[in-house]
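# Remarks on the overall topology
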Amino acid sequence: MLYALLCYNDEDVVFSWSQEEDDAVMARLNVVHDRLREAGKMGPSLRLVPTTAATTLRKSDPPLVIDGPFAETKEQLLGFYVIDCADLDEALAIARDLGEANPGGAYEIRPIRLFLPGAFEPSREAAEAGA
């Protein structure tokens, strides 16, 4: 079963980390990532830019486009993983491992089903911006 692990944290805290602090968190996460890849559990994983870059389309009549994230919250959605697990217990175990590597916030675990797989290679600029 596929699960989405939605990563929530206080973006003011996360994006205030020094490069060294961010590198240390990413190094700890990469240990978990490598283990998941070796086990064939790791799917796409993305880190989102701050909510100040977000645009929301409100599905009203007529639709309304606004700057900013969908909702005001204490913690923001900062990224997500797609993982392949036997069951919720395995997804929780993976979320715990990721949580130990990445301080603060929460992981929301949601079963997903493939809607439209899409297969594209990101542009070089997009790939570099996500690095």
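Refer to the preceding data block for the structure.
An account of the accompanying structure is given in this report. (Residues numbered from 1 in each chain as written. Predicted model: local features only at pLDDT ≥ 70, side-chain atom pairs only at ≥ 80, totals over all residues. Heavy atoms only, no water.)

A separate point is the sheet that holds strand 5 (residues 76-84). Neighbouring strands of a sheet are bound in pairs by backbone hydrogen bonds; such pairs are parallel or else antiparallel. Sheet architecture is open: four strands sit in the order 2-5-1-6, paired in antiparallel fashion. Edge positions in the sheet fall to strand 2 (42-47) and strand 6 (106-112), since each of these pairs with one other strand and no more. For this sheet the average axis-to-axis angle between neighbouring strands, irrespective of direction, equals 20 degrees. Here strand 1 (residues 2-9) runs beside strand 5; their pairing, made up of eight bridges, is antiparallel. From the neighbouring strand, Asn9 faces strand 5, where its bridge partner is Gln76. Of the strands in this sheet, strand 2, strand 5 and strand 6 are in contact with helix 2 (residues 19-38), which crosses strand 2 at around 160 degrees. Sitting on the sheet, helix 3 (residues 88-101) touches strand 1, strand 5 and strand 6, and the angle it makes with strand 6 is about 150 degrees. (Pairing = 2+ DSSP bridges. Helix = DSSP H or I, 4+ residues; strand = E, 2+ residues; numbered from the N terminus. Axes fitted to C-alpha atoms, helices over the stretch in contact; angles between N-to-C directions. Contact = heavy atoms within 4.5 Å.)

Moving on, we come to helix 3. The terminal C-alpha atoms of helix 3 lie 20 Å apart, and with 14 residues this matches the ideal 20 Å at 1.5 Å per residue to within 8%. Of the residues making up helix 3, those classed as buried are Ala91, Ile94, Ala95, Leu98 and Ala101. An end-on view of helix 3 places all buried positions within 115 degrees of arc, on one side of the element. Every exposed residue of helix 3 that faces more than 90 degrees away from the buried side is listed here: Asp89, Arg96 and Glu100. Looking at the buried side of helix 3, the elements it contacts are strand 1, helix 2, strand 5 and strand 6. The N-cap residue of helix 3 is Asp87: its side-chain oxygen and the backbone nitrogen of Asp89 are 3.2 Å apart. (Expected span 1.5 Å × (residues − 1). Buried < 20%, exposed > 50% of the residue type's maximum accessible area, 1.4 Å probe, protein only. Arc of directions from axis to C-beta. Polar contact = N/O pair within 3.5 Å; in protein donor to acceptor, adjacent residues only side chain to side chain.)

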